[in-house]
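Spelled out from the first residue to the last, the chains are:
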Amino acid sequence: MADPPGCCSTCATCLLCPYSCQWITAKKEKRKGLRTTKYDCSWFLFLFCVFLFTLVWLYFAVIILNDFHNFNEFIFRQRKLWLDWSLVLLIATAVLISYSSALLVLALCLQLCGQPLKLHWVHKVLLILTALVVAAAFTGLGIKWAEEWKSARISLQATGPFLHIGAVGGMTLLAWPLASFIYRTRSTGLKVFVLLVFWAVMIALYLAPLGITSPCIMEQNQLPPKPALVGHRGAPMLAPENTLMSLHKAVECDVQVFETDVMVSADGVPFLMHDEELTRTTNVQAVFPERAALNSTAFNWTDLQQLDAGSWFLERRPFPTVQSLSPGDRKEAAEQRIPSLEQALEAAKQSNISIMFDLRPENHSDYQNFVNVTLGVILQSGIPLQQVLWLPDGFREDVKQQAPGVQHVYGRKRLENEEPGLHVNLPYQDMSSEEIRQYRQDNISVNLYVVNQPWLFSVLWCSGVSSVTTNACQVLKEMKHPIWLLPSTTYFMIWIVVDCVSFLIIIWAFVLMKKCSHRRRPAESETDVLLTKINSLMQE
């Protein structure tokens, strides 16, 4: 337990008031009995754990932003409510981390000033609530969005070296209040325990780079070519998805493939649409309110042509980039209609880009007819068949016979002894860097989806992926190299320097705090003697 405080009234008030909700004066007797007990220490430990817990959640929140548009779409399909929930997530996370950080900083400052750590009951309740909220968030993530755990693992390949430096720096700064606590406390057992825990953590951090791997730790001349870009439903950050405007915007972003989704109308016209219902990306509720909940394939082509497929983009703003559109782009977006596959193929042929698509819904009773109708449109369009990338697995052998020039893309990993030249299309979470390298050596083209954040694109670039499907083609287009690239020798030097500097600062902190504690003790002894003499004279 710490010795009684020895700090001026103004500083003590500024620190104790928000932390303990206690007002103190310069008179020592009014602070008599205010000591940091073991109970107080346990609450400080809980505060520190809650801070780390919320810090880890903040990291996850930043990582899952790459895939958050999928979550927004999921909520809309369930509740028919559109909102950019990523803003809610970031604001809530920022509040939690700011609160726990502020309390932790106050506690460390109180310890440095020799003040008691008397956490107020309101803060205790709020900390418990913070821990419960973050625990609920992690639980929900694990149940409903389990693939994001794989995303976090991949993210460590991009952030691992920098997390190591940050963790070493944070623990090094913690050495100052820790040293103050060690030289103030009277319990030898507690001193030994705290020191053992601290140095065990520091040694683990010092050696952490032995377990850090990243494909971006390589020489510049070993960097693979930049992955080609595949526009996910075109360029959905710049134009309404699955429209001709979106295709043209994707072409401006230098994408090599326009990825889309095809459905077939009730009268046999293939058209571009992702959702089974039309409510998210059209004004079907205004035009056909009684039929709005029907499957997209239940509408004939004449009905579909009456729908506005662009205004929703301006009203709901699915991405922040919508706000920066020019007046001309806004006007063009508002005029978009649902395009037919024939129109999309013509635009792709004129722009000299490939087109890759899924045929939905796969479980439809008339799916074979959908395949035949779609193939007929492709063959009649005049587009070179090598520019068509076929994703649907259903009736693939029939497609190979009717259109042998079409390139087939598989949504699975390769089978044993499979022929080279295979094209695979997988979620980015499903392939490790080692598998990507092996596929590249075996001449297997790998496209991973959906990649929006530069950090993720950088990791996949360093791994050697062939192409990525993205919503943010305008961002990835501008990347001329990965965010970071370090030769192994350079990273080794950074590791050694950081660890050595940290160790020296920690030793300096303990030495300096020891000197300060030695200076404080004689002064306190002289003050106690003087007060004793004054008290004796007054009694006489």
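Here the residue numbers are simple positions, counted from 1 along each chain's written sequence. Two thresholds apply to this predicted model, a pLDDT of at least 70 for residue-level local features and 80 or more for giving and counting side-chain atom pairs, whereas whole-chain, interface and lining totals are computed over all residues. Note that the side-chain values use all heavy atoms of the structure and ignore hydrogens as well as water.

**Observations regarding the overall build of the protein chain**
Then, in step 1: Along the backbone of the protein chain there are 19 helices and 9 strands.
Then, in step 2: Based on C-alpha atoms, the radius of gyration is set beside the globule rule, defined as 2.2 Å times the residue count to the power 0.38. Taking 540 residues into account, the globule formula puts the C-alpha radius of gyration at 24 Å, and the protein chain, at 31 Å, lies well above it.
Then, in step 3: The principal-axis extent of the C-alpha atoms belonging to the protein chain is close to 115 × 55 × 40 Å.
Then, in step 4: Think of it in three bands: with a 1.4 Å probe and only protein chains considered, a residue is buried below 20% of the maximum accessible area for its type, exposed above 50%, and partly exposed in between. Relative to its full complement of 540 residues, the protein chain shows a buried share of 48%.
Then, in step 5: Residue pairs at least 24 apart in sequence account for 69% of intrachain contacts in the protein chain once pairs closer than 6 positions are excluded.
Then, in step 6: Accessibility throughout is a Shrake-Rupley quantity obtained with a 1.4 Å probe, and a residue counts as covered only by protein chains that appear here. With the model as given, the accessible surface of the protein chain reaches about 26400 Å², and the carbon-plus-sulfur share is 62%.
Then, in step 7: Across the protein chain, the mean location of the 45 positive side-chain charges is 17 Å away from that of the 46 negative side-chain charges. What counts as a helix is a DSSP run of H or I of at least four residues, what counts as a strand is a run of E of at least two, and both are numbered from the N terminus. Whether two residues are in contact is decided by their heavy atoms, any of which lying within 4.5 Å being enough. In this tally, Lys and Arg are treated as positive and Asp and Glu as negative; His is ignored, and so are the chain termini. By convention, the charge on Lys lies at NZ, on Arg at CZ, on Asp at CG and on Glu at CD.

**Brief notes about the UniProt feature "transmembrane region" (unreviewed entry) in the protein chain**
Then, in step 1: UniProt positions are given in the numbering used here, feature names are shortened, and annotations may be inferred rather than shown by experiment. Mapped onto the present numbering, the UniProt feature "transmembrane region" (unreviewed entry) falls on residues 41-65, 85-113, 125-143, 163-183, 190-212 and 492-512.
Then, in step 2: Each end of residues 85-113 is marked by a C-alpha atom, and these two atoms are 42 Å apart; helix forms 97% of the span and strand 0%.
Then, in step 3: Along residues 190-212, the helical share is 78% and the strand share 0%, with 33 Å between the first and last C-alpha atoms.

**Some remarks on the packing of helix α13 (residues 341-351) against helix α14 (residues 367-381)**
Then, in step 1: Under this scheme, a helix contributes an axis fitted over its contacting stretch, all axes are lines through C-alpha atoms, and angles between N-to-C directions fall in the 0 to 180 degree range. At a minimum axis separation of 10 Å, α13 and α14 run at an interaxial angle of 35°. As for the relative orientation of α13 and α14, their crossing is right-handed in sense. On α14, the residues touching Leu341, Glu342, Leu345, Glu346 and Lys349 of α13 are Thr374, Val377, Ile378 and Ser381. By definition, turning the near helix anticlockwise from the far helix through less than a right angle yields a left-handed crossing, and turning it clockwise yields a right-handed one.

**Section: the packing of aromatic side chains**
Then, in step 1: Two aromatic rings, drawn from Phe, Tyr or Trp (for Trp, its six-membered ring), form a pair once their centres lie within 6.5 Å of each other, and the interplanar angle then sorts them: stacked below 30 degrees, edge-to-face above 60, tilted otherwise. Considering all chains together, one arrives at 22 aromatic pairs under this definition.
Then, in step 2: A ring pair is formed by Trp43 and Phe46, whose centres lie 5.5 Å apart and whose planes are at 90°; its orientation type is edge-to-face. Here the residue Trp43 and the residue Phe46 both occupy positions in helix α2 (residues 38-63), the gap between them amounting to 3 residues, near one helical turn.
Then, in step 3: Judged by its relative accessible area of 28%, Phe46 falls in the partly exposed class.
Then, in step 4: Their ring planes at 70° and their centres at 5.0 Å tell us that Phe60 and Trp149 sit as a pair that is edge-to-face. Taken together, the residues span a long stretch of sequence, with Phe60 in helix α2 and Trp149 in helix α6 (residues 147-184) at a distance of 89 residues.
Then, in step 5: Take Trp149: its relative accessible area is 37%, and that puts it in the partly exposed class.
Then, in step 6: Clustering of aromatic rings is evident, with ring pairs tying together Phe53, Trp57, Phe60, Phe138 and Trp149.

**Comments concerning the confidence of the model for the protein chain**
Then, in step 1: In this model, the protein chain carries an average pLDDT of 90, and 90% of its residues clear a pLDDT of 70 or more.
Then, in step 2: Every residue carries a pLDDT, the predictor's confidence in it, which falls somewhere between 0 and 100. Every residue in residues 1-6 scores below 50 in pLDDT, and together they form 26 contacts with partners more than four places removed in sequence or on other chains.
Then, in step 3: In this model, residues 527-531 is a region of pLDDT below 50 whose contacts with residues beyond four sequence positions or in other chains number 1 contact.

**A word on the nonpolar core**
Then, in step 1: The criterion is simple. A nonpolar core is a set of buried Ala, Val, Leu, Ile, Met, Phe, Trp, Tyr and Cys residues joined through side-chain atoms within 4.5 Å. Residues Leu448, Phe457, Leu460 and Val468 are the most contacted members of the largest nonpolar core, which totals 43 residues.
Then, in step 2: Elements with a contribution of two residues or more to this core: α2, α6, β7 (423-427), α16 (433-441), β8 (445-449), α17 (454-463) and α18 (473-476).
Then, in step 3: A total of 7 residues in this core trace back to one element, the largest contributor, which is α17.
Then, in step 4: Each of domain 2 (149-214 + 487-518) and domain 3 (233-477) accounts for three or more of the residues forming this core.
Then, in step 5: Non-local contacts of Leu448, meaning those with residues more than four positions away in its chain, are made with Leu426, Pro427, Tyr428, Met431, Ile436, Leu460, Val465, Ser467, Val468 and Thr469.
Then, in step 6: Within the second largest apolar cluster, 34 residues are counted, among which are Leu106, Leu174, Leu178 and Val194. What counts as a domain boundary in this text is fixed by an automatic or database domain assignment.

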